[in-house]
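Below, each chain spelled out in residue letters.
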Amino acid sequence: MKKKFCCRFVTIVLFLLLFSMALTGCGETGRLEQKKNDHKVHVVASFYMMYDFAEKIGGDHVEVKNLVSSGMEPHDWEPKARDVASLEDADVFVYNGAHMEPWADMILHTLDNKKLVVAKASAGIHLYGSDPHVWLAPLNAKKEMENIKDALVKADSKHASVYEKNYKKNAEECEKLDAKYKETLSHVKKKEVITAHEAFGYLCRSYGLKQVGIEGISSDSEPDAARMKEIIRFAKKHDVRTIFFEEMVSPKVAKTIAKEVVAKTAVLDTLEGMNDEEQKSGADYFSVMEDNLKALEKALAE
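Residues numbered from 1 in each chain as written. Predicted model: local features only at pLDDT ≥ 70, side-chain atom pairs only at ≥ 80, totals over all residues. Heavy atoms only, no water.

A look at the packing of helix α3 (residues 48-58) against helix α7 (residues 160-185)
Stage number 1. At a closest axis distance of 7 Å, the pairing of α3 and α7 adopts a crossing angle of 120 degrees. On the basis of their axis angle, the class for α3 and α7 is oblique. Where α3 abuts α7, its residues K56, I57 and G58 lie against Y163, N166, Y167 and N170.
Stage number 2. For the contact of α3 with α7, the residue count by class is 3 nonpolar, 3 polar and 1 charged. (Axes fitted to C-alpha atoms, helices over the stretch in contact; angles between N-to-C directions. Helix = DSSP H or I, 4+ residues; strand = E, 2+ residues; numbered from the N terminus. Parallel < 35°, antiparallel > 145°, perpendicular 65-115°, else oblique. Contact = heavy atoms within 4.5 Å. Nonpolar A, V, L, I, M, F, W, Y, C, P; charged D, E, K, R; others polar.)

See below:
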């Protein structure tokens, strides 16, 4: 993931230099006109999880734009001209940090929007290596929501009490979810979890599980033959009956391993993205994490 980003660095920088000239000429007028007719706080979120958290805390007082389109994998996403324009017009920018958005710092340094309030949601969370998926542990999600709440209060202090109330409500839901995970997973027979890629380290570490990823942190890496054999040996040794994959990643490798060890496959969602149908159905962080827990309980009880 880092190699890809470095190779494209020069192209992005040149693009930003050229695009900034256009923004300087007409962007400020557009922003002023927009502010006159819109009393909501304009929030730009780096990908779905940040979008969902910002909406939960902001409620009716925010309008949130998700930079990464529905169904897209955010790890390899890169900003385009319209995305930079969105940040120039925004009041608040919410991003995860922790190596999830390698483009963010560079983009922020190029902006003319000096009033932009930036929320690095993972700030204050103890990070493990290069794994950015901190939100998959509910208490980390609580901290991320707190950081987003603080940014909204800074940008829109007159509605501080609303943001505080919304944060408190969702923080309590995170605590309940954490307690449910602890109670449920304390009774399972097995502790070994084979996942499509190593995105569930924070979740597994929080509840005493052992994650073994077929691929690395990035979902676009490919396991070689030696790694496949290693995973198959591990699955047989620990009698793993379920191989997990993600909705946004091809299940081909997971299914190959499952067939070899006579196991089933099931979805364990990273919440990096969500398609339009899922969002319209009311799915969100809490409902998907509940589904993840059910999938884990079923897999580890067998």
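Structure shown, so let's carry the discussion forward.
Details of the packing of aromatic side chains
Stage number 1. The final tally for this structure, using the stated rule, is 9 aromatic pairs.
Stage number 2. Consider the rings of F93 and Y95, whose centres lie 5.3 Å apart with planes at 5 degrees: the pair is stacked. Of the two residues examined, F93 and Y95, each falls in the buried class.
Stage number 3. Judged by centre distance (5.4 Å) and plane angle (55 degrees), the ring pair of Y128 and Y202 falls under tilted. Within this pair, whereas Y128 is found in the loop between β4 (117-120) and α6 (138-155), its partner Y202 is found in helix α8 (residues 201-206), the two being separated by 74 residues in sequence.
Stage number 4. Residue class for Y128 comes out partly exposed when judged on its relative accessible area of 35%.
Stage number 5. Stacked on the ring of Y167, the Lys or Arg K149 has its end atom at 5.2 Å from the ring centre.
Stage number 6. Just above the ring of Y128 sits the side chain of R205; from NZ or CZ to the centre is 3.7 Å. (Phe/Tyr/Trp six-rings, centres within 6.5 Å; stacked < 30°, edge-to-face > 60°. Buried < 20%, exposed > 50% of the residue type's maximum accessible area, 1.4 Å probe, protein only. Lys NZ or Arg CZ within 6 Å of the ring centre and 35° of its normal.)

Overview of unusual backbone geometry
Stage number 1. Notably, H99 is not glycine yet its phi reads approximately 75 degrees, a positive angle.
Stage number 2. Of note in the backbone geometry, L271 takes a positive phi value of approximately 65 degrees without being a glycine.
Stage number 3. Look at L271 and you get buried, because its relative accessible area is 0%.

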